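# Report on the structure
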Amino acid sequence: MTIGERTQLKINTDRLMHSIDELGAIGAYHDAEANVMGVHRLALSPEDAEGRRLVKRWFENAGLTVSVDAIGNIYANRTGLDSKLAPVMSGSHIDSVPTGGRFDGALGVLGALEVVRTLNDLDITTRRPITIAAFTDEEGCRFGTDMLGSAVATGRIALDDAYGLTDADGKTVKQELEAIGFLGAEPVGKRTPHAFVECHVEQGPALIHEGIDIGVVTGVQGISWHKLIITGTSAHAGATPMGFRKDAGLAAARINCRLHEMCTGSKYGSEMRATMGVIHPEPCMINVIPGRITATVDLRNPDDNAMHNAEQDLDDYLQHITKELGVQIESRQTARTPAIIFDESVQIAIETAAKTHELSHRRILAGAGHDAQEWSAVCKTAMIFVPGLNDGISHNPRELSTPRQCADGINTLLSVITRLADEGE
Ligand code: GLV
Ligand code: MN
Ligand code: MN
């Protein structure tokens, strides 16, 4: 079979969707508000552990050699004709946000598995090895830092710093890796793939609205996460005159409004996004002024200068609110990644693959963070996006890509992986 013929191969869509459904059943819950089944599979939880065991078994059944590294990343290797050549790596994550869908991350891991299963069916061995990866805690919802496993594997975050991160109950990453049996023996930082490609749902409305089949991802915008602890004084809601209050709830509300303003003007560019996703008041009672608020701030911007200015604006505003409302604010940055630009040649390979499969495509910047952005520091990297229904909604149980949309993405991934895995030195 020629390389040209190999790039036209097609995956088994039913098998892919069956795997997505089977993994999606782990941590499944009925979301009453959306009236659909969602996924709750927080990093290093018992559900994550069950998902990991299932995926590991599937890797082994596909004839792959599986290893787990010291931060719990799972790698599955398929031999190539030339074992001295660096592998093409493809993968993503299987942890979810607490109210997630079946596709975020899972499509990238199970799609890479489907690529390997298809190559196995056809008895094709590529020149380079192929490595599938499932990375630890991409979401950052439990331990506060996103892309944790891939960031440790590629050197942005030190292993000991990652081990020391704690969840809301004070449990550390290291304890929880041990508890679920995924504190692996492989040292981190030893892998340098030839290339990295990740397929993922877009998680936004652009592709579905424009009727485009494939997004060729040009890069990822910068991310800046902060944890705020706002301390005022809890007191009686009826008996405390307005002028006597130190209301932490009011401070959080003001900060949230300021974040919104930062995204409506042109000061930080038209793509600035800001979210206060956690607003947790204590004591959390109808007739008590909140004495303490724990809150988070998530800033996104594709322009590093604009992001820097927005961070400065936030800091200045926190100082201002402290003085105006008489509260104290402790602010800590919990995660920070710069804007990332993906490799042009891998983007061209994705475009070529999409054309081969007669799929419409366009270039697109990723709104969310992804494991691929970490691997772009060590090898040529890009991503494939597929559209989702319901305006591409994600981090929501309504997240949904059709079998056709998933297959388009994974057929493209199959072509790209086989092409890159046949490249020489
Ligand atoms: C990961 O999904 C993120 O962008 O927060
Ligand atoms: Mn994801
Ligand atoms: Mn996500």
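The model shown is predicted, which means the values in this text are computed figures rather than measured ones.

### As for the overall build of the protein chain
Across its full length, the protein chain carries 14 helices and 16 strands. For the protein chain, the C-alpha radius of gyration of 23 Å lies close to 22 Å, the compact-globule estimate for 425 residues. When the backbone C-alpha atoms are referred to their principal axes, the protein chain occupies close to 80 × 45 × 40 Å. Residues classed as buried in the protein chain amount to 55% of the 425 residues present. Within the protein chain, counting contacts between residues at least 6 apart in sequence, those at least 24 apart form 79% of the total.

### Re the domain arrangement of the protein chain
The domain boundaries assigned to the protein chain delineate domain 1 (3-221 + 339-421) and domain 2 (222-337). Each of domain 1 and domain 2 has a C-alpha centre, and the two are 33 Å apart. Listed per partner, the contact involves 16 residues of domain 1 and 13 residues of domain 2. Of the roughly 990 Å² buried at the junction of domain 1 and domain 2 (both faces included), carbon and sulfur atoms supply 48%. The largest share of the area that domain 1 buries against domain 2 comes from Asp146, Gln221 and Ala339, three residues that together contribute 56% of it.

### Here's the deal with the coordination of the manganese ion (ligand 2)
Only His93 (NE2), Asp104 (OD) and His200 (NE2) from the protein coordinate the manganese ion (ligand 2), and they sit 2.0 to 2.3 Å from it. Here the donor residues of the manganese ion (ligand 2) share one chain and are spaced in sequence as H-x10-D-x95-H. Residue His200 is classed as buried on the basis of its relative accessible area of 1%.

### Observations concerning the coordination of the manganese ion (ligand 3)
For the manganese ion (ligand 3), the full set of protein donor atoms is Asp104 (OD), Glu139 (OE), Glu139 (OE) and His395 (NE2), and the range of their distances to it is 2.1 to 2.4 Å. Along the chain, the residues donating to the manganese ion (ligand 3) are arranged with the sequence spacing D-x34-E-x255-H. A gap of 3.6 Å separates the manganese ion (ligand 3) and the manganese ion (ligand 2), which Asp104 links by coordinating each metal. Here Glu139 lies in the loop between strand E6 (130-135) and helix H5 (148-153) and Asp104 lies in the loop between strand E5 (88-93) and helix H4 (106-121), a separation of 35 residues in the sequence. The burial state of Asp104 is the same as that of Glu139; both residues are buried.

### A word on the side chain of Asp137
As for its placement among the helices and strands, Asp137 is situated in the loop between E6 and H5. Despite its burial, Asp137 pairs with no opposite charge, the nearest such side chain being Arg142 at 7.6 Å.

### A look at the nonpolar core
Counting 92 residues, the largest nonpolar core has Leu16, Phe59, Leu107, Leu110 and Ile350 as the members making the most contacts within it. Excluding anything up to four places from it in sequence, Leu16 contacts Ile11, Leu107, Leu110, Gly111, Glu114, Cys406, Ala407 and Ile410. Membership of the second largest hydrophobic core comes to 24 residues, among which are Ile255, Ile293, Leu299 and Leu318.

### Examining the packing of helix H11 (residues 344-356) against helix H14 (residues 403-421)
Any two packed helices are characterised by the angle at which their axes cross and by the distance between the axes. Put simply, H11 and H14 touch, their axes get as near as 8 Å, and they point 125° apart. When the axis of H11 is compared with that of H14, the two are oblique. The handedness of the crossing between H11 and H14 is right-handed. Judged by residue contacts, Ala349, Ile350, Thr352, Ala353 and Ala354 of H11 engage Thr412, Ser415, Val416 and Arg419 from H14. Of the residues contributing to the contact of H11 with H14, the split by class is five nonpolar, three polar and one charged.

### Regarding the packing of aromatic side chains
Counted according to the given criterion, the structure contains four aromatic pairs. Plain terms: the ring middles of Phe135 and Trp375 are 5.7 Å apart, the flat faces sit at 35° to each other, and that makes the pair tilted. Here Trp375 lies in helix H12 (residues 371-375) and Phe135 lies in strand E6, a separation of 240 residues in the sequence. Their ring planes at 10° and their centres at 5.9 Å tell us that Phe196 and Trp375 sit as a pair that is stacked. You can see Phe196 sitting in strand E7 (residues 195-201) and its partner Trp375 sitting in helix H12, a full 179 residues away along the chain. Overall, the relative accessible area of 0% leaves Phe196 in the buried class.

### Regarding the packing of helix H2 (residues 13-24) against H4
At a minimum axis distance of 10 Å, the contact between H2 and H4 shows a crossing angle of 140°. Taken together, the axes of H2 and H4 lie oblique to each other. Between H2 and H4 lies a crossing whose hand is right-handed. Each of Arg15, Leu16, Ser19, Ile20 and Leu23 in H2 lies in contact with H4, whose residues at this interface are Ala106, Leu107, Leu110, Gly111, Glu114, Arg117, Thr118 and Asp121. Of the residues contributing to the contact of H2 with H4, the split by class is six nonpolar, three polar and four charged.

### Details of the side chain of Glu351
One can find Glu351 in helix H11. Given the relative accessible area of 16%, Glu351 is considered buried. The contacts of Glu351, once residues within four sequence positions are left out, are Val216, His361 and Arg363.

What counts as what
Residues numbered from 1 in each chain as written. Chains lettered and ligands numbered in written order. Predicted model: local features only at pLDDT ≥ 70, side-chain atom pairs only at ≥ 80, totals over all residues. Heavy atoms only, no water. Helix = DSSP H or I, 4+ residues; strand = E, 2+ residues; numbered from the N terminus. Rg over C-alpha atoms; globule rule 2.2 N^0.38 Å. Buried < 20%, exposed > 50% of the residue type's maximum accessible area, 1.4 Å probe, protein only. Contact = heavy atoms within 4.5 Å. Domains from an automatic or database assignment. Buried area = accessible area lost by both parts, 1.4 Å probe. Donors = N, O, S within 2.8 Å, 3.2 Å for Na, K, Ca; no water. Lys, Arg positive; Asp, Glu negative; His and termini not counted. Salt bridge = Lys/Arg side-chain N within 4 Å of Asp/Glu carboxyl O. Core = buried A, V, L, I, M, F, W, Y, C linked by side-chain atoms within 4.5 Å. Axes fitted to C-alpha atoms, helices over the stretch in contact; angles between N-to-C directions. Parallel < 35°, antiparallel > 145°, perpendicular 65-115°, else oblique. Left-handed = near helix turned anticlockwise from the far one by under 90°. Nonpolar A, V, L, I, M, F, W, Y, C, P; charged D, E, K, R; others polar. Phe/Tyr/Trp six-rings, centres within 6.5 Å; stacked < 30°, edge-to-face > 60°.

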